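Residues per chain, in single letters:
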Amino acid sequence: MRIVCSSDLTLFYLVSFIETCFIAIIIGMFPGKPFTQVLGFVSDLIFQVKIEAAAGRMGFPIGWIPSPADLKAAHPVAAAQTYADWGEDLDSWLIDRVSDWLPALILFDLGNEAIPALPWIRLLKSTPATRRIPVIGYGSHVAGELLQSAKRAGAEAILARS
C-alpha cells in the first residue's frame, strides 16, 4: 500500500492543470502565434521530471531556466558576456528571450530563490509581446502571501506545492 502525501497530490494537480492548459492552447483558447514549447523557471528536479512528462504527452518540449545564468547561456550573444555585464539589462534579456521563444506556457517555482519570480511575472504581463502567454506559479502552502502576490502580479493560476 502506498501512502499519498500532500506533495504527491499537489504534483498531481499541477500536472493535471498543465495538461489542461496544453489542451486549451491546442484548441486555440489562448490567441497568438503558434506555440512550440513550455518555459519553466524551475530548479526542483522532481518537479521537472513530472512536468516534462506531462508536456511530452501533449507534444511540447520544455525549456528549463533554473537561474538567470541559464537564461544567459540560452542566448548566443549573452553567453559571451559575464553575468555582471548584464546589470539592469537582465529584464531586457528576459523579454528578448521569451519573445523569441514564445512559449505556450510559463511556469514559475515561486520557491526558487535564484529567480526574481514576482518582478518577472509583472514584467512579462506588462509587456505587449509576452502578456498573453499564460503563467502558472506554484510554491509552498505556508507561503500564502507569496502565492497571492504571484496572482496579483499577473499569474493566471497559482498552486500550493505542498
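Residues numbered from 1 in each chain as written. Predicted model: local features only at pLDDT ≥ 70, side-chain atom pairs only at ≥ 80, totals over all residues. Heavy atoms only, no water.

Draft legend 1. Quick look at the overall build of the protein. Counting secondary structure elements, the protein contains eight helices and five strands. For the protein, the N- to C-terminal ordering of α and β elements is α-β-α-β-α-α-α-α-β-α-β-α-β. Taking all contacts inside the protein whose residues are at least 6 apart in sequence as the whole, residues at least 24 apart take part in 63%. For the protein, the accessible area works out to roughly 8,300 Å², and carbon and sulfur atoms hold 60% of it. (Helix = DSSP H or I, 4+ residues; strand = E, 2+ residues; numbered from the N terminus. Contact = heavy atoms within 4.5 Å. Areas by Shrake-Rupley, 256 points an atom, 1.4 Å probe, with all protein chains shown as cover.)

Draft legend 2. Seen up close, the environment of tryptophan 93. Topologically, tryptophan 93 is positioned in helix H6 (residues 90-101). Tryptophan 93 gets classed as buried once you look at its relative accessible area, which sits at 14%. Here the alpha-carbon distance between tryptophan 93 and leucine 71, two residues 22 residues apart in the chain, equals 7.8 Å. (Buried < 20%, exposed > 50% of the residue type's maximum accessible area, 1.4 Å probe, protein only.)

Draft legend 3. Summary view of the packing of H6 against helix H7 (residues 117-126). Following both chains from N to C, one finds H6 and H7 inclined at 55°, their axes separated by 11 Å at the closest point. Judged by the inter-axis angle, H6 sits oblique to H7. Classified by chirality, the crossing of H7 by H6 is right-handed. Contact residues: Leu90, Asp91, Leu94, Ile95 and Val98 in H6; Trp120, Leu123 and Leu124 in H7. When the residues that make up the contact of H6 with H7 are grouped by side-chain class, the tally is seven nonpolar, no polar and one charged. (Axes fitted to C-alpha atoms, helices over the stretch in contact; angles between N-to-C directions. Parallel < 35°, antiparallel > 145°, perpendicular 65-115°, else oblique. Left-handed = near helix turned anticlockwise from the far one by under 90°. Nonpolar A, V, L, I, M, F, W, Y, C, P; charged D, E, K, R; others polar.)

Draft legend 4. Quick look at the side chain of glutamine 48. By secondary structure assignment, the location of glutamine 48 is in helix H2 (residues 45-57). Beyond its immediate chain neighbours, meaning those up to four positions away, glutamine 48 contacts Val42, Ser43 and Trp64.

Draft legend 5. Region of interest: the pattern of salt bridges. Here the structure, examined in full by the defined rule, presents four salt bridges. Residue lysine 125 is joined to glutamate 156 by a salt bridge in which the shortest nitrogen-to-oxygen separation is 2.7 Å. Taken together, the residues span a long stretch of sequence, with lysine 125 in helix H7 and glutamate 156 in the loop between helix H8 (144-153) and strand E5 (157-160) at a distance of 31 residues. Exposure remark for lysine 125: the relative accessible area of 15% places this residue in the buried category. By relative accessible area, glutamate 156 is classed as partly exposed at 38%. For glutamate 145, the salt bridge is made with arginine 152, and the minimal N-O distance between the two is 2.5 Å. For the pair shown, glutamate 145 and arginine 152 are each scored as exposed. (Salt bridge = Lys/Arg side-chain N within 4 Å of Asp/Glu carboxyl O.)

By themselves, these figures tell us nothing about what the structure is for.
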